[in-house]
Amino acid sequence: MKQLIYLDNAATTKTRPEVVQAMLPYFTEYYGNPSSVYDFSAPCKKAIADARETIAKSIGAKTNEIYFTVGGTESDNWAIKATADAYKDKGKHIITSKIEHHAVLHTCEYLEKQGYEVTYLDVDEFGVVKLDELKKAIRPDTILISIMFANNEIGTIEPIREIGEIAKEHGILFHTDAVQAYAHVPINVDELHIDMLSASGHKLNGPKGVGFLYIRSGVKIRSFMHGGAQERKRRGGTENVPGIVGLGKAVELAMADMDERAAKETELRDYLIGRVLAEVPYARLNGHPANRLSNNANFAFQFIEGESMLIMLDSDGICGSSGSACTSGSLDPSHVLLAIGLPHEIAHGSLRLTLSEENTKEQIDFVVERIKAIVQRLRNMSPLYEDFMRKSGKR
Amino acid sequence: MYTEKVMDHFEHPRNVGEIENPSGMGTVGNAKCGDIMRIYLDIDENQIIRDVKFKTFGCGAAVATSSMATTMVKGKSVQEAMEVTNKAVMEALDGLPPVKVHCSLLAEEAIHAALWDYAQKNGIEIKGLQKPKTDISEGEEEEEY
Ligand SMILES: Cc1ncc(COP(=O)(O)O)c(C=O)c1O
Ligand code: FES
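This write-up is about the structure you can find in this document. (Residues numbered from 1 in each chain as written. Chains lettered and ligands numbered in written order. Predicted model: local features only at pLDDT ≥ 70, side-chain atom pairs only at ≥ 80, totals over all residues. Heavy atoms only, no water.)

## Notes on the overall build of chain B
Thinking step 1. If you tally the helices and strands in chain B, you get 5 helices and 3 strands.
Thinking step 2. The secondary structure elements of chain B, listed N-terminal to C-terminal, are α-β-β-β-α-α-α-α.
Thinking step 3. In summary, chain B has a C-alpha radius of gyration of 14 Å against a globular reference of 15 Å for 145 residues, a match within 12%.
Thinking step 4. By principal-axis analysis of the C-alpha atoms, chain B measures approximately 50 × 35 × 25 Å.
Thinking step 5. Among the 145 residues that make up chain B, the fraction classed as buried is 54%.
Thinking step 6. Long-range contacts, defined here as pairs at least 24 residues apart, represent 62% of the contacts in chain B between residues at least 6 apart. (Helix = DSSP H or I, 4+ residues; strand = E, 2+ residues; numbered from the N terminus. Rg over C-alpha atoms; globule rule 2.2 N^0.38 Å. Buried < 20%, exposed > 50% of the residue type's maximum accessible area, 1.4 Å probe, protein only. Contact = heavy atoms within 4.5 Å.)

## Here's the deal with the interface of chain A and chain B
Accessible area lost during the coming together of the parts is what is often quoted as the interface size.
Thinking step 1. Taken together, the contact pairs 26 residues of chain A with 28 residues of chain B.
Thinking step 2. Both faces combined, the contact of chain A with chain B buries some 2,200 Å², and carbon together with sulfur accounts for 57% of it.
Thinking step 3. It is Leu331, Met381 and Pro383 of chain A that lose the most area in chain A upon contact with chain B, and together they represent 29% of the buried surface on that side.
Thinking step 4. Applying the counting rule to chain A against chain B returns 5 salt bridges.
Thinking step 5. Where Arg38 of chain B meets Asp387 of chain A, a salt bridge forms, and the shortest distance between an N and an O atom there is 2.8 Å.
Thinking step 6. Among the secondary structure elements, those contributing two or more residues to the side of chain A that touches chain B are α10 (306-314), α11 (325-328), α14 (361-380) and α15 (383-391) of chain A.
Thinking step 7. Sort the elements by how many residues they give to the side of chain A that touches chain B and α15 of chain A lands first, with 5 residues.
Thinking step 8. Within the side of chain A that touches chain B, the residues separate by chemical class into 10 nonpolar, 7 polar and 9 charged. (Buried area = accessible area lost by both parts, 1.4 Å probe. Salt bridge = Lys/Arg side-chain N within 4 Å of Asp/Glu carboxyl O. Nonpolar A, V, L, I, M, F, W, Y, C, P; charged D, E, K, R; others polar.)

## Some points on the sheet that holds strand β7 (residues 196-200) of chain A
Residues and elements named next belong to chain A.
Thinking step 1. Taking strand neighbours across the sheet as the criterion, the 7 strands line up as β2-β8-β7-β6-β5-β3-β4 in an open arrangement whose pairing is mixed. Looking at the sheet topology across the chains shown, the edges are occupied by β2 (66-69) and β4 (117-121). Averaged over all adjacent pairs, the angle separating strand axes in this sheet is 20°, with direction ignored.
Thinking step 2. Where strand β3 (residues 93-97) lies against β4, 5 bridges are found, and the strand directions are parallel. (Pairing = 2+ DSSP bridges. Axes fitted to C-alpha atoms, helices over the stretch in contact; angles between N-to-C directions.)

## Examining the packing of helix α4 (residues 72-86) of chain A against helix α5 (residues 102-113) of chain A
Residue and element names in this part refer to chain A.
Thinking step 1. Viewed as axis vectors pointing N to C, α4 and α5 meet at an angle of 30°, and their least axial separation amounts to 9 Å. Overall, the two elements α4 and α5 adopt an arrangement that is roughly parallel. Handedness of the α4/α5 crossing: right-handed. Taking contact as the criterion, the partners of Thr73, Asp76, Asn77, Ile80, Lys81 and Ala84 in α4 are, on α5, Ala103, Val104, Thr107, Cys108, Tyr110 and Leu111.
Thinking step 2. Taken together, the residues that form the contact of α4 with α5 break down as 7 nonpolar, 3 polar and 2 charged. (Parallel < 35°, antiparallel > 145°, perpendicular 65-115°, else oblique. Left-handed = near helix turned anticlockwise from the far one by under 90°.)

## Thoughts on the sheet that holds strand β12 (residues 350-354) of chain A
Residue and element names in this part refer to chain A.
Thinking step 1. Judged by pairing direction, the sheet is antiparallel, and its 3 strands sit side by side in the order β9-β10-β12 without closing on themselves. Each edge of the open sheet is held by one strand with a lone partner, namely β9 (283-285) and β12. When strand polarity is set aside, the average angle formed by the axes of neighbouring strands in this sheet is 25°.
Thinking step 2. Of the strand pairs in this sheet, β9 and strand β10 (residues 296-301) are connected by 3 bridges, and their pairing is antiparallel. For Leu285, the partnering residue across the bridge sits in β10 and is Phe299.
Thinking step 3. Strands in contact with helix α9 (residues 258-279) are β9, β10 and β12; relative to β10, the strand with the most contacts, it is inclined by about 10°.

## Looking at the site of ligand 1
All names here are of chain A.
Thinking step 1. In the vicinity of ligand 1 lie 13 residues, with Thr73, Asp177, Gln180, Ser200 and Lys203 positioned nearest.
Thinking step 2. In the environment of ligand 1, an oxygen atom lies 2.6 Å from a nitrogen or oxygen atom belonging to the side chain of Thr73.
Thinking step 3. Within the shell around ligand 1, the residues separate by chemical class into 2 nonpolar, 8 polar and 3 charged. (Near = heavy atom within 4 Å. Polar contact = N/O pair within 3.5 Å; in protein donor to acceptor, adjacent residues only side chain to side chain.)

## A short note on the pairing of β10 of chain A
Looking along a regular strand, one sees the side chains alternate between the two faces of the sheet.
Residues and elements named next belong to chain A.
Thinking step 1. With 6 of 6 residues buried, β10 lies mostly within the body of the structure.
Thinking step 2. By the alternation rule, side chains of β10 split into Asn296, Asn298 and Ala300 and Ala297, Phe299 and Phe301, which are all buried.
Thinking step 3. By the bridge criterion, 5 bridges tie β10 to β12 in an arrangement that is antiparallel. When the bridges of β12 are listed, Ala300 appears paired with Ser350.

Here is the structure:
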């Protein structure tokens with residue numbers, strides 16, 4: 001196999017071997033249905049309860065406020081659609097931002113078609129939601145504010161405490177998509193006044209296809225999956241026991257070494273950002289310079305296109321991602337990059353690299369050298385670069 | 001995601017560059033996805049394309065189709081070059097993913113634009129050649145999902 005330098009941890013992460021080990025017995029040994037009465041199923045029930053407790057503790061919640069789902073997308077859909085339904089007598093207005101994940105945005109667009117009104121808040125040039133706009137957007141019929149904890153593309157961490165306070169002051173429910181932030185930054189739902197929180201296992205070195213939704217007790221929320229009595233009748237369906245066990249283990253491990261991991265990632269991230277900005281001309285950093293996820297670096301290189309960059313990086317075994325129109329399938333550049341004010345052609349040259357603690361300085365050095373060569377090569381075949389050099393009299 | 005031929009032309013693009021004082025030059029863009037392609041032609045007095053160069057700001061498929069298209073028009077008469085359609089280029093590359101078909105249109109349009117420029121400058125008529133659009137996304141319909 002060719003070498004692999006994995007720098008796409010915002011897309012998904014490697015499942016920790018300890019997590020896999022913890023899951024294995026729940027396939028072949030303890031395979032009972034947790035809802036059954038016999039003793040054989042007792043370990044399954046207990047395993048779910050233990051995972052729930054680990055997770056509840058990690059955000060300062062109670063165990064009966066944690067509901068297992070298949071991941072971030074389901075949690076977002078559930079939180080938004082079910083509150084919209086349960087509170088429609090109070091009003092049909094929802095506030096979110098322009099930089100949410102599609103799991104939130106497309107859900108809101110769907111609700112608009114069902115007669116709800118949605119305000120999509122602007123963000124500033126760093127991707128931070130504007131609090132004064134939030135206050136202005138609130139109306140008597142506003143039932144929900146849904147703002148992500150941290151952005152998956154540019155890594156910007158939102159002012160969640162302030163948003164939570166504003167929501168609380170006005171008696172409006174506050175949901176946050178914490179898929180990128182949970183188990184990477186400390187979160188306490190009471191201190192931050194969060195009423196609902198979405199998280200996903202595969203972004204924190206846990207398994208894919210499992211996540212949870214935190215729902216503060218007292219929040220009226222409808223069942224999303226109608227079926228059996230699992231998850232206090234809120235979410236029917238036989239539990240994904242191995243997945244839930246894996247999620248619990250991943251959370252336990254991630255919470256234990258969070259600070260250490262973040263410090264290591266931050267150091268590497270800042271080294272990467274520092275070198276790229278110093279050594280590649282016409283490059284910029286997207287997202288907040290300080291308030292950003294410890295593993296996220298997002299650049300825009302002028303005059304070139306992201307997919308071409310990704311393919312060339314791939315031939316060196318480097319995995320990254322881009323918000324370029326050409327990679328989106330929809331021919332539109334990333335809505336996040338447009339929302340922070342990047343013109344189309346600059347959004348085109350975006351490159352997101354998201355690290356993990358497994359990455360080394362040597363890898364980053366190699367990646368920077370490759371980026372320098374690739375950017376130059378692509379610029380040499382770019383008509384935009386040619387025009388720019390002509391205009392600026394450099395040739 | 002791409003065929004071997006596409007990867008070959010992407011990794012080793014033929015005819016990248018510029019031509020000083022070209023006989024014809026055309027730049028077209030797809031404002032929708034933001035890509036831009038430029039073709040330079042050097043055409044001799046017998047209307048044979050002696051040399052061709054390109055520059056592309058776009059994805060892997062855009063680079064590969066530009067490269068392949070330049071190899072296909074080189075040495076041909078301007079009239080023969082009209083037969084290098086996006087379909088012919090795609091076939092020569094063993095196909096493109098459906099979302100990338102529009103990139104191959106860019107190559108065809110850029111060649112047409114360069115031929116148009118040449119025809120205009122020299123008062124020549126090339127059969128089947130129409131005034132090219134500068135933005136090929138014009139008139140494309142948005143799909144509902
Ligand atoms: C911010 C955010 N929300 C939601 C999701 C969706 O999560 P999942 O893949 O678990 O459905 C992602 C994952 O890409 C994400 O980054
Ligand atoms: S040039 Fe944009 S998708 Fe091919």
